[in-house]
Amino acid sequence: MLRLSLEKTEVLSERIASQTEDHALYGGVVPEIAARAHVERLDGLIRLAMKDAGIGFGDLSGVAATAGPGLIGGVMAGLATAKAIALARGIPLVAVNHLEGHALSPRLADDVSFPYLLLLVSGGHCQFVSVEGVGKYRRLGSTIDDAAGEAFDKTAKLLGLSGQGGPAVEREAAKGDPDAVDLPRPLLDRPGLDMSFSGLKTAVRRAAEEMPLTDKRRADICAGFQAAVADILVVKSARAMELVTHIHNAPHTFVVAGGVAANKTLRARLEAEARRAGFRFFAPPLRWCTDNAAMIALAGAERLRLGVNDAMDTPARARWPLDEASAASAPIYGAGKKGAKA
Ligand code: KG4
Ligand code: ZN
């Protein structure tokens, strides 16, 4: 539950129902289980969040839900629930792009004003975006294959680490030597802001297959992998900051958001680079980096404030680029099984 006024943004309550346990047996997310878990838990979760905030349905002035991109079953369950509330209470519905939630997430915690440069790094996405206002996003560069979070998750799986991939790799990396295993930094020698992580993943697989895979070697691979991701993101961020300095005639704010932005080594490296470039740096608190409802509520409230809402037949979308114009003109990043998920 979120209250937005001209003076401040207040998160009145927030709840997360994690499904990690439900999927753990299967070694990855099972779409059918994810969809069912949404259907089963949403009602209770909403009730709890309202109780925490001390408000009832009659106090709501709008309802926001993610309408994509993502696993379609879960998105449909959430969107249908929001439609039901909107219809029953006669309040507006806002169908939010999940990526817009991440893009606006820094504004939950701080007075981050437009425009700002965003590095959005999550499990499904890795892109540089110039955030120029609510609904005004310009994609400047993107991964051409895997997302950074996906590479963290695959690395964890290859090394047999349990729990969510990113935090597990981060924990192991803290015990390892980042220079012990030589790993590539794909696309670093090429100009532009595009990134690539699939070659790094293959190199991690090869390193993991070399026996014996001792605890020390596992930690070294994690440290080397994390350092390689940090190098890629730092070099490309430096370039992105240079580019937006030209566009806006001055350095301004550099924001990193999305699940991977919860990684402390990465945050520190990106912050140092931003400082060097004369940018203000901001990363949301950890709980608002990984997926959360507060950022979707904020995006919905910001849209409502601008008079924007959505029709009851708005569909759930498995794919939905943040910058639709760029996605249409550079389709290698767009739809299709072979295209980047980003
Ligand atoms: O934003 P998010 O919660 O969900 C998506 O929209 O994808 O991001 C999840 C991704 C996962 O790949 C997860 O392993 C990664 O963020 N992640 C991390 C850390 N915490 C979560 N990656 C590196 N270090 C972390 N501490
Ligand atoms: Zn996300």
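Everything quoted here is computed from the prediction, not taken from an experiment. (Residues numbered from 1 in each chain as written. Chains lettered and ligands numbered in written order. Predicted model: local features only at pLDDT ≥ 70, side-chain atom pairs only at ≥ 80, totals over all residues. Heavy atoms only, no water.)

### Some thoughts on the overall build of the protein chain
Stage number 1. Each helix and strand counted, the protein chain has 13 helices and nine strands in total.
Stage number 2. The C-alpha radius of gyration computed for the protein chain amounts to 20 Å, which stays within 12% of the reference 20 Å derived for 342 residues, consistent with globular compactness.
Stage number 3. Counting over 342 residues, the protein chain shows a buried share of 48%.
Stage number 4. Intrachain contacts of the protein chain at a sequence separation of at least 6 include 72% that bridge at least 24 residues.
Stage number 5. In the form shown here, the protein chain has an accessible surface area of approximately 16,200 Å², with 54% of it arising from carbon and sulfur atoms.
Stage number 6. A distance of 1 Å separates the average location of the 41 positive side-chain charges in the protein chain from that of its 39 negative side-chain charges. (Helix = DSSP H or I, 4+ residues; strand = E, 2+ residues; numbered from the N terminus. Rg over C-alpha atoms; globule rule 2.2 N^0.38 Å. Buried < 20%, exposed > 50% of the residue type's maximum accessible area, 1.4 Å probe, protein only. Contact = heavy atoms within 4.5 Å. Areas by Shrake-Rupley, 256 points an atom, 1.4 Å probe, with all protein chains shown as cover. Lys, Arg positive; Asp, Glu negative; His and termini not counted. Charge placed at Lys NZ, Arg CZ, Asp CG, Glu CD.)

### Describing helix α3 (residues 72-89)
Stage number 1. The terminal C-alpha atoms of α3 lie 26 Å apart, and with 18 residues this matches the ideal 26 Å at 1.5 Å per residue to within 8%.
Stage number 2. Taken residue by residue, α3 has Gly74, Val75, Ala77, Gly78, Leu79, Thr81, Ala82, Lys83, Ile85 and Ala86 as its buried positions.
Stage number 3. On the buried face of α3, the contacting elements are α2 (31-53), β3 (63-68) and β4 (93-97).
Stage number 4. Following α3 by one or two positions, Gly90 adopts a phi angle in the positive range, close to 65 degrees. (Expected span 1.5 Å × (residues − 1).)

### Considering the environment of His125
Stage number 1. Inspection of the secondary structure assignment puts His125 in the loop between β5 (116-121) and β6 (126-133).
Stage number 2. What makes His125 buried here is its relative accessible area of 11%.
Stage number 3. Separated by 18 residues in the primary sequence, His125 and Thr143 have C-alpha atoms spaced 7.7 Å apart.

### What about the pairing of β3?
Stage number 1. Two strands pair when backbone bridges link them, and β3 and β4 are joined in this way by five bridges, in the parallel orientation. Following the sheet pairing, Ala65 is matched in β4 by Ala95.
Stage number 2. Of the crossover connections in this fold, the one passing from β3 over α3 to the parallel β4 is right-handed. (Pairing = 2+ DSSP bridges. Right-handed = clockwise from strand over helix to strand, strands pointing away.)

Note that all results are geometric; they support no functional claim without further evidence.
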